[in-house]
Amino acid sequence: MTNVIANGGWSTPEITSVGKPATNDLDGPAGINSLVSSLKGVSFPSKVIVGSSWNTDLAQRFGTAFGAEAAATHVVGLYAPGMNIHRTPFSGRNFEYYSEDGLLSGKMGAAMVQGVDSQGVYTYIKHFALNDQESNRLSVSVWANEQSIREIYLKPFELSVKEGGTTAVMSSYSRLGNTWAGASKALLTDVLRNEWGFHGMVVTDSAMGNTNWIDVNLTIRAGGDMMLCLMGVKLDSSSNTAQQAMRRACHNILYTQANSIAIAAAVDNAPYWLILLAIVDSILLIAIVLLILKRIPAGKKPGKGAKVGICVGIAAVVALVFWAMFFRSGSAPAAADSSESAAASEPAESTTAPAEEAKDGVFMELSQTDAGGWLGCLVCLMQDGSYSVTYDYNAENTGVEGEKGTYEIGADGTLTLTAEIALPGTGAPAPYAGKDLAHYRTAHVQEVPDAEFEALLGRPLPEEATAIDRTMTLGELHHSRNPLCWLIAGVLTLLVRSGEKRGKPNLNILFQYNMPLRGLAQMTGGIIGEETVDGLVLEAKGFWVIGILRALVGLVQNAVANSRYQAKLDEQSR
């Protein structure tokens, strides 16, 4: 239980005793990002744009597409959508939130939650609650009356729970008055669970770095369940009240997992049973052949080499048969239940009218109807080598003419349609006339060479360069001018690749690999300050002596400042 509660950073741990697999939870509201993984997804529009549409159907389709992509990459939970309010246009995280209106934000968020949930992926609506500014968010204390809290700031979360049916929530760093939101029983239990009827788990915001004030022991007693942390936190399980709170937290976590695709995402769909069957069949056939060979008179028995050749030949023939039957077309049966995907990909009805049943002058008619039965297409092949296409959109729009042209039937039966389609132009000069854009003109945009892209841009491509500053990640240190930095980047790269080869990436390593240098100031519990980070940047730039001196001076200054601050806190607590 301690491991499940204390190590919930971008994942949930495996629980072998109940068959719960480890799962991946990733950011963010506008698409899967690579903060702690190598996954890359579609960059969807920000929540501000979605909210500006006032279109809940569009928001639900957004969620469905987002959830489908997450499920396809075995991501089970998303740290999204952001449900906080635009209190000011200058908030540093407004791009994650829908609007300044609680009702609009709630309706849009609930629709997105429904869309994502339809794919079996759960959503951590965040940041619960009153986390409506990014500046000083680690230490801000919020004061508001109950009416404004309920009508404005809690309304998006309430609608996402009651109408969206979310099963996961992320609490915030904010203090409501002088109580941290992640340890507020009034918020996490009285309102969220008892009033709104929420069922599921509550995770904290990131509990790493300069966040030692986040106390897991207070969290689980207030209604929280899991810490967003990669290094674990200190959980005191010695008391009976702690153990009861831990049991309730694990129950909530498992409830969310059980109502998701967590199990299906962990299933290996490789058809190992077919491979095993091929091996068993080969052994049986070889055994039968060897028994037959044993009955041959001694003078006529084949030698050992011939027997080995026969065995190898049998195995090869069996493998070839299985490949032709099951693997050649990619139609091998999957281990997981594919009934839903089969239903989703139900083929459309298609009919072919042979020549003898066709009308005069008609060689063949090809018709196809959408699986829903409302969209039809008819291709009529004439005996003179011409063809025409008509469409049926609905009962009022049938026989709508499409393109016309000629057709050819190849020796292998391939049907090639050729037509000229003329569209009225604007009279403006063609912007790319005379430019070699062959891949663009043939829609092979994934194969565009640099020279063709430069022709499209009208200028040379800029040289790839990595800025050596505070934003440089540890994985990019190989671009630096310092051998020690090269070594750090090399070691991290080897560890990342090693994890990927094993199929079990280490989230701690990935987090460090993608962490910018400025993150050291936040992730070291106050040990490293901004001055030290600037010294490390100078080191990376090749100013070895100046860089190390500045880093050391920064460490000393930071340690002195921390000591003085701690002395003041101790004096105030007496």
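Turning our attention to the overall build of the protein chain. For the protein chain, the helix and strand inventory stands at 20 helices and 16 strands. Residue burial in the protein chain is summarised as follows: out of 574 residues, 37% are buried. Carbon and sulfur atoms make up 57% of the accessible area of the protein chain, which totals about 32,800 Å².

Here we come to the pairing of strand β9 (residues 201-206). Counting buried positions along β9 yields six of six residues, so the element is predominantly enclosed. As paired strands, β9 and strand β10 (residues 226-228) are joined by two bridges and run parallel to one another. Looking at β10, one finds that V203 is bridged to M226.

This brings us to empty space enclosed by the protein. Counting across every chain of the model gives one cavity of 30 Å³ or more. Taken together, V113, D117, Y122, T123, G164, G165, T166 and T167 make up the full set of residues lining the largest cavity. Listing elements by their share of the lining of the largest cavity, those giving two or more residues are α4 (102-117) and β4 (122-128). Class assignment for the residues of the lining of the largest cavity results in two nonpolar, five polar and one charged.

Here we take up a positive patch on the surface. Judged by side-chain charge, K294, K301, K304 and K307 come together as a positively charged surface patch. Within the secondary structure layout, K307 lies in helix α12 (residues 304-327). Assessed through its relative accessible area of 31%, K307 is described here as partly exposed.

With mixed pairing, seven strands are arranged side by side in an open sheet as β1-β2-β3-β4-β6-β9-β10. Edge strands, defined here as strands with exactly one partner in the open sheet, are β1 (11-12) and β10. Judged from the two bridges that link them, strand β3 (residues 75-78) and β4 form a sheet pairing that is parallel. Each residue of the ladder has a partner; that of G77, found in β4, is Y122.

Once that is clear, we can look at the packing of aromatic side chains. In this structure the tally under the stated criterion is nine aromatic pairs. Here the aromatic rings of F44 and F66 are separated by 5.4 Å at their centres, their planes lie at 40°, and the arrangement is tilted. Here the residue F44 occupies a position in the loop between β2 (23-26) and α2 (47-52), and F66 occupies one in helix α3 (residues 56-72), the gap between them amounting to 22 residues. For the ring pair F62 and F66, a centre distance of 6.3 Å and an interplane angle of 75° mean the geometry is edge-to-face. Of this pair, F62 and F66 both sit in helix α3, separated by four residues, roughly a single helical turn. On the basis of relative accessibility, which here comes to 10%, the residue F62 falls in the buried class. One aromatic cluster in this structure is built from F44, F62 and F66.

The next point concerns the sheet that holds strand β7 (residues 175-176). With mixed pairing, three strands are arranged side by side in an open sheet as β5-β7-β8. Each edge of the sheet is formed by a strand with only one pairing partner; in this case those strands are β5 (141-142) and β8 (179-180). Here β7 runs beside β8; their pairing, made up of two bridges, is antiparallel. Following the sheet pairing, L176 is matched in β8 by T179.

Let us look at unusual backbone geometry. Between K126 and H127 the backbone carries a cis peptide bond, its omega angle lying at -10°. Take H127: it is sitting in strand β4. Of note, the amide linkage connecting F128 to A129 takes the cis form, showing an omega dihedral of 5°. The residue A129 is located in the loop between β4 and β5 in this model. Of note, W54 is a non-glycine position whose phi angle comes to about 55°, a positive value. Relative to the elements of secondary structure, W54 occurs in the loop between α2 and α3. The class for W54 is exposed, based on a relative accessible area of 67%.

Scanning the entire structure with this criterion turns up 18 salt bridges. We note a salt bridge from E96 to K126, for which the minimum N-O separation is 3.7 Å. On the criterion of sequence distance, the pair formed by E96 in the loop between β3 and α4 and K126 in strand β4 is long-range, its members being 30 residues apart. Each member of the pair E96 and K126 is classed as buried. The salt bridge involving E530 is made with R470; its shortest N-O contact spans 2.8 Å. One end of the pair, E530, is in helix α19 (residues 530-541); the other, R470, is in the loop between α15 (450-457) and α16 (483-502), with 60 residues separating them in the sequence.

Here we come to the confidence of the model for the protein chain. Predicted coordinates in areas of low pLDDT are best not read in detail. For the protein chain, per-residue confidence averages 85 on the pLDDT scale, and residues scoring 70 or more make up 90% of the total. A low-confidence stretch, residues 329-349 (pLDDT under 50), is modelled with 23 contacts involving residues beyond four sequence positions or located in other chains. Taken as a whole, residues 353-358 scores under 50 in pLDDT and shows five contacts with residues more than four places along the chain or in a different chain.

What counts and how
Residues numbered from 1 in each chain as written. Predicted model: local features only at pLDDT ≥ 70, side-chain atom pairs only at ≥ 80, totals over all residues. Heavy atoms only, no water. Helix = DSSP H or I, 4+ residues; strand = E, 2+ residues; numbered from the N terminus. Buried < 20%, exposed > 50% of the residue type's maximum accessible area, 1.4 Å probe, protein only. Areas by Shrake-Rupley, 256 points an atom, 1.4 Å probe, with all protein chains shown as cover. Pairing = 2+ DSSP bridges. 1 Å grid on protein atoms, 1.4 Å probe; cavity = no way out; pocket = protein on both sides within 12 Å on 5 of 7 lines; lining within 4 Å. Points joined across faces, edges and corners; volume = space filled by probe spheres on them. Nonpolar A, V, L, I, M, F, W, Y, C, P; charged D, E, K, R; others polar. Patch = residues over 30% accessible without salt bridge, like charges linked within 9 Å, V, L, I, M, F, W, Y side chains within 5 Å. Salt bridge = Lys/Arg side-chain N within 4 Å of Asp/Glu carboxyl O. Lys, Arg positive; Asp, Glu negative; His and termini not counted. Charge placed at Lys NZ, Arg CZ, Asp CG, Glu CD. Phe/Tyr/Trp six-rings, centres within 6.5 Å; stacked < 30°, edge-to-face > 60°. pLDDT = per-residue confidence, 0-100. Contact = heavy atoms within 4.5 Å.

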